[in-house]
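Each chain, written out:
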Amino acid sequence: MRLNKSDSVFVKMIHVFFALLFFVCVTAPPAMCNIDEEAEKIEKETVEAKKKKRAERKAAKEKAAQEKKDRKGGDDDAESADKDSADSDEFDDSLDKLNIEKPSEHDEATTTGQEKPKYKVALALGGGGGRGSGHIGVLKVLEEEKIPFDLVVGTSIGSIIGGMYCAGVPLKDIEQMFLDRSLMKAFMTVPLSVRMIAAPIMVLPRVVRHPYDGLYYGNKFRKYLSSKLPDDEKNIQDLKTPFAAVVVDLVTGKVASLTRGNLSYAMQASSAVPGLRKPVQIGDKLYVDGGVAENVPVVQCKKLGADVVIAVNIDEMMDPVDLDHFRKMGSVSKRLIKLQLQNLDQPLCEQACVTIHPDVTGIGLLSTSHEDAVKGIAAGEKAAREMMPVIKKRLKECGVDI
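What comes next is a walk through the structure. All chains use their own residue numbering, which begins from 1 and follows the written sequence. In keeping with the model being predicted, local features are shown solely for residues with a pLDDT of at least 70 and side-chain atom pairs are shown and tallied solely at 80 or more, while totals for entire chains, interfaces and linings include all residues. Side-chain measures were taken over the full set of non-hydrogen atoms in the model, leaving aside hydrogen atoms and water.

**Re the overall build of the protein**
Point 1. Per the convention used, a helix needs a DSSP run of H or I reaching at least four residues, while a strand needs a run of E reaching at least two, with both numbered from the N terminus. In terms of helices and strands, the protein carries 15 helices and eight strands.
Point 2. When accessible area is computed with a 1.4 Å probe and restricted to protein chains, residues below 20% of their type maximum are described as buried, those above 50% as exposed, and intermediate ones as partly exposed. Split into buried and exposed, the 402 residues of the protein put 45% on the buried side.
Point 3. Residue contacts follow a heavy-atom distance rule, with two residues in contact if any of their heavy atoms lie within 4.5 Å. In the protein, 77% of the contacts between residues at least 6 apart in sequence involve partners at least 24 apart.
Point 4. Note on areas: Shrake-Rupley, 1.4 Å probe, and residue coverage restricted to the protein chains presented here. If you sum the accessible surface of the protein, you get close to 20500 Å²; carbon and sulfur atoms cover 55% of it.

**Regarding the pairing of strand E2 (residues 151-155)**
Point 1. With five of its five residues buried, E2 lies for the most part within the structure.
Point 2. Residues Leu151, Val153 and Thr155 line one face of E2 and the alternating positions Val152 and Gly154 line the opposite face, and both faces are buried.
Point 3. Strands pair, by our definition, only if DSSP identifies at least two bridges between them. Bridge analysis of strand E1 (residues 121-125) against E2 gives four bridges, and the strand direction is parallel. Paired with alanine 122 across the strands is leucine 151, a residue of E2.
Point 4. Throughout, right-handed denotes a crossover for which the path from the first strand over the helix to the second runs clockwise when the strands point away from the viewer. Each parallel crossover has a hand, and the one from E1 via helix H6 (residues 133-144) to E2 is right-handed.
Point 5. Pairing of E2 with strand E3 (residues 243-249) involves four bridges; the strand directions are parallel. Residue threonine 155 lies in a different strand from E3, and its bridge partner there is valine 246.

**Some thoughts on helix H12 (residues 263-270)**
Point 1. Counting buried positions over the eight residues of H12 gives seven, a clear majority of the element.
Point 2. Those residues of H12 not exposed but buried are Leu263, Ser264, Ala266, Met267, Gln268, Ala269 and Ser270.

**With respect to a nonpolar patch on the surface**
Point 1. Together, Val321, Phe326, Val332, Leu336 and Leu339 make up an exposed nonpolar region whose accessible area comes to about 340 Å².
Point 2. Examined against the element boundaries, valine 332 turns out to sit in helix H14 (residues 331-349). Patch criteria: residues need more than 30% relative accessible area and no salt bridge. Like-charged residues are merged within 9 Å; nonpolar side chains of Val, Leu, Ile, Met, Phe, Trp and Tyr are merged within 5 Å. Salt bridges, as used here, are contacts in which a Lys or Arg side-chain nitrogen is within 4 Å of a carboxyl oxygen on Asp or Glu.

**Here's the deal with the nonpolar core**
Point 1. Membership of the largest hydrophobic core comes to 69 residues, with the highest contact counts inside it found for Leu123, Met164, Leu183 and Ile391.
Point 2. For this core, the element with the most residues is helix H15 (residues 370-397), which contributes eight residues.
Point 3. Here methionine 164 is in contact with Val169, Ile174, Met177, Leu183, Lys228, Leu229 and Met267, once residues within four sequence places are set aside.
Point 4. Formed by 19 residues, the second largest nonpolar core is a distinct cluster that contains Ala122, Val248, Val288 and Val296. Put simply, a nonpolar core is a bunch of buried Ala, Val, Leu, Ile, Met, Phe, Trp, Tyr and Cys residues held in one set by side-chain atoms that sit within 4.5 Å of each other.

**As for empty space enclosed by the protein**
Using a probe with the size of a water molecule, rolled over the atoms, empty space left in the structure can be pinpointed.
Point 1. A cavity here means a set of 1 Å grid points, computed over protein atoms only, where a 1.4 Å probe fits but cannot escape. A pocket is an open set with protein on both sides within 12 Å along at least 5 of 7 lines, and lining residues have an atom within 4 Å of a point. Grid points are joined across faces, edges and corners, and a volume is the space filled by probe spheres set on the points. Overall, the coordinates contain one cavity of 30 Å³ or more when judged by the stated rule.
Point 2. Its volume calculated, the largest cavity comes out at about 50 Å³.
Point 3. Contributing to the lining of the largest cavity are Gly130, Phe178, Arg181, Met184, Ser367, Thr368, Ser369, Asp372 and Ala373.
Point 4. Each residue receives one of three labels: charged for Asp, Glu, Lys and Arg, nonpolar for Ala, Val, Leu, Ile, Met, Phe, Trp, Tyr, Cys and Pro, and polar for the others, Gly being one of them. Here the lining of the largest cavity is composed, by residue class, of three nonpolar, four polar and two charged.

So, in structure tokens, the structure goes:
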């Protein structure tokens, strides 16, 4: 029996190699990326801040109630104030359970009359390479349902889709980039098998110069992305909707959000998969794919001031499989990637108000297939529609107009 090129042992060995490389990246110890300490620190600071704000509000209300009582000398007003305070505490507790941050005191102070404080809604788009077509389906439904958001934060492919979307690139145009396979082909300008064969030759230039480690520079991909952006939307700070690209600082090991500067460079950095693509230097910083530390950027949304976070997770589902499945070459490493991504992303998604999780199982990280793109878009639409009642309920609870 003849083997197809895609089933050759050599190609499978390449896939196994990069699967193991990615496995090493996502299982890096906390000292490398500091994500566990960072998330724990942020969570602790958030809890303490909530307690402090609540205590301050309670003290202010008690003081106001006492002053009102002293002025009028009536017990009814004091009882009413106590009831209002209790209702407010109960409302705060309900927000905590929904992972919704109450707007800051400054936001509350700027409201007038009976106007409610404004909640900042953020969309967190996770990483996943070729599975990013799922984001397209989700965004189509969010647009149809007129779901508002004040901020978009993306990791890896999430930063690419989110960045172009915030720059005003029509969603149908971004969708077409997946359907005609141009986006993923631009990401892999030369087939991986060819690049691996040429790797020994590419080592020779290192004798005279020393580029950063990785098989691909990503410059052609950056130019492809830049060509799709409107001329007046090349910088992040100029975008129609506030946006941030999540990266990992390779020197410090810390997660960072790029909120200023050239958009195409930021998208290139956020999708620079270690080992596959060379790190991207911006100023005196050296960045790689943010997915190795915060693949679903919920924490970054909150650090940027979001009160309500809608997360989109495009990891494959961890469905049970037969034992014989693991006789196939590369099956164990692929399964481990699924497991590690789930262990990395699930705690992050639990911090979101709502998580949309399209079933993109079977779509490869480096897929350039038209069929996979169609499948991912459909999965994104289906998952978003299923979660829409929950999304609308959460937003209405916050007083967000839909």
